[in-house]
Amino acid sequence: MRADYGKLNKKVRSIWECCELLNDVVDESDPDLDEPQIQHLLQSAEAIRKDYPDEDWLRLTALIHDLGKVITLPQFGGLPQWATVGDTFPVGCAFDESNVHHKYFLENTDFHNPAYNTKTGIYTEGCGLNNVMMSWGHDDYMYMVAKENGSTLPSAGLFIIRYHSFYPLHTAGEYVHLMNDADKENLKWLHIFK
Ligand SMILES: [Fe+2]
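Residues numbered from 1 in each chain as written. Predicted model: local features only at pLDDT ≥ 70, side-chain atom pairs only at ≥ 80, totals over all residues. Heavy atoms only, no water.

For the protein chain, the name recorded in an unreviewed UniProt entry is Inositol oxygenase, with Microthlaspi erraticum as its organism. Regarding the protein chain, the UniProt comment filed under Pathway (unreviewed entry) reads as follows: "Polyol metabolism; myo-inositol degradation into D-glucuronate; D-glucuronate from myo-inositol: step 1/1." Its UniProt record, at the heading Catalytic activity (unreviewed entry), says of the protein chain: "myo-inositol + O2 = D-glucuronate + H2O + H(+)". (UniProt positions renumbered as here; feature names shortened; annotations may be inferred.)

The structure is reproduced here in structure tokens:
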């Protein structure tokens, strides 16, 4: 799925067109389903502009961070909800108990594989999140779109886009042993963003 979407060959759409397309997306994991998504994006960007007027990149990040959800639409391949929205988490190491619905990982064969079910698994301490394979979702897709199109957002902006659904990290404070120093700096901005 990641390799397929990494080709970035589904559709060419402007940022604003994608903002409008997001109104057609239903995110079943979102508790605020009543609010049109475009309104959510604009409100997020405006709130951040007020609080951080000197950080123009941060309001742009807020505006575009969820645009990857377009992959649920037929013109972008129509991926199901489970492959698009909800929390994200690393694979290749133990599923931390802070992961939502953790009990269902019991049915995942990785849960029982000794190569994948230790705290560091296939990784090393401090290896950096860039070297960690995350579960697929709209975060990683939008990150690839921004990165491969030469986005000039600072690394903190790209980090926010890529990990804003990584609740076990930014809300539960787990998986920190996989971060490097750059990740730790960027996480401060993700905390501000949330
Ligand atoms: Fe999101």
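Now, onward.
### Section: the overall build of the protein chain
Helices and strands together make up the secondary structure of the protein chain, namely eight helices and zero strands. Put simply, the protein chain runs from its N terminus to its C terminus through helices and strands in the order α-α-α-α-α-α-α-α. At 17 Å, the protein chain has a C-alpha radius of gyration in line with the 16 Å of a compact globule built from 194 residues. Expressed along its principal axes, the backbone C-alpha trace of the protein chain runs to roughly 45 × 40 × 30 Å. Within the span of the protein chain, comprising 194 residues, buried residues form 43% of the whole. Contacts in the protein chain between residues far apart in sequence, at least 24 positions, make up 68% of those at least 6 positions apart. As displayed, the protein chain offers around 10300 Å² of accessible surface, 52% of which is attributable to carbon and sulfur atoms. Positive and negative side-chain charges in the protein chain, numbering 16 and 29 respectively, have mean positions lying 4 Å apart. (Helix = DSSP H or I, 4+ residues; strand = E, 2+ residues; numbered from the N terminus. Rg over C-alpha atoms; globule rule 2.2 N^0.38 Å. Buried < 20%, exposed > 50% of the residue type's maximum accessible area, 1.4 Å probe, protein only. Contact = heavy atoms within 4.5 Å. Areas by Shrake-Rupley, 256 points an atom, 1.4 Å probe, with all protein chains shown as cover. Lys, Arg positive; Asp, Glu negative; His and termini not counted. Charge placed at Lys NZ, Arg CZ, Asp CG, Glu CD.)

### Let's talk about the nonpolar core
Leu67, Val70, Leu129, Trp136, Tyr141 and Leu178 are the most contacted members of the largest nonpolar core, which totals 49 residues. Residue assignment for this core shows that the elements contributing at least two residues are helix H2 (15–21), helix H3 (37–51), helix H4 (56–64), helix H5 (138–148), helix H6 (155–163) and helix H8 (181–193). Among the elements that make up this core, the one with the highest residue count is H6 (six residues). (Core = buried A, V, L, I, M, F, W, Y, C linked by side-chain atoms within 4.5 Å.)

### Describing H5
Here H5 lies mainly inside the structure; eight of its eleven residues are buried. Three or more residues of H5 are buried, namely His138, Asp139, Asp140, Tyr141, Met142, Tyr143, Met144 and Ala146. Positive phi shows up at Gly150, right after H5, with a value of about 70 degrees.

### Considering the packing of aromatic side chains
Throughout the structure, instances matching the rule amount to eleven aromatic pairs. With centroids separated by 6.2 Å and ring planes inclined at 50 degrees, the aromatic side chains of Tyr163 and Phe166 adopt a geometry described as tilted. Judged by relative accessible area, Tyr163 falls into the buried class, the value being 2%. According to the relative accessible area criterion, Phe166 is buried, its value standing at 0%. Seen from their ring centres, Phe166 and Tyr175 are 5.6 Å apart, and the 45 degrees between their planes marks the pair as tilted. With respect to burial, Phe166 and Tyr175 carry one shared label: buried. Three or more aromatic residues joined by ring pairs form one cluster here, namely Phe159, Tyr163, Phe166 and Tyr175. Across from the ring centre of Tyr5, 4.7 Å away, lies the NZ or CZ of Lys10, which sits over that ring. (Phe/Tyr/Trp six-rings, centres within 6.5 Å; stacked < 30°, edge-to-face > 60°. Lys NZ or Arg CZ within 6 Å of the ring centre and 35° of its normal.)

### Observations regarding the coordination of the iron ion
On the protein side, the iron ion has Asp66 (OD), His138 (NE2) and His164 (NE2) as donor atoms, found 1.9 to 2.2 Å from it. In terms of primary sequence, the donors binding the iron ion are separated according to D-x71-H-x25-H. Here the residue Asp66 occupies a position in the loop between H4 and H5, and His138 occupies one in helix H5, the gap between them amounting to 72 residues. Residue classification places Asp66 among the buried positions, given a relative accessible area of 6%. (Donors = N, O, S within 2.8 Å, 3.2 Å for Na, K, Ca; no water.)

### Re the UniProt feature "binding site: Fe cation" (unreviewed entry) in the protein chain
With numbering aligned to this structure, UniProt lists the feature "binding site: Fe cation" (unreviewed entry) at His40, His65, Asp66, His138 and His164. Note on placement: His40 falls in helix H3. When sequence neighbours within four positions are dropped, the list of residues in contact with His40 reads Glu35, His65 and Asp66. Those residues within four positions of His138 in sequence are excluded, and the remaining contacts are His65, Asp66, Gly68, Lys69, Ile71, Thr84, Val85, His164 and Ser165. Within the local environment of His138, its side chain forms a polar contact with the side chain of Asp66, the two groups lying 2.9 Å apart. (Polar contact = N/O pair within 3.5 Å; in protein donor to acceptor, adjacent residues only side chain to side chain.)

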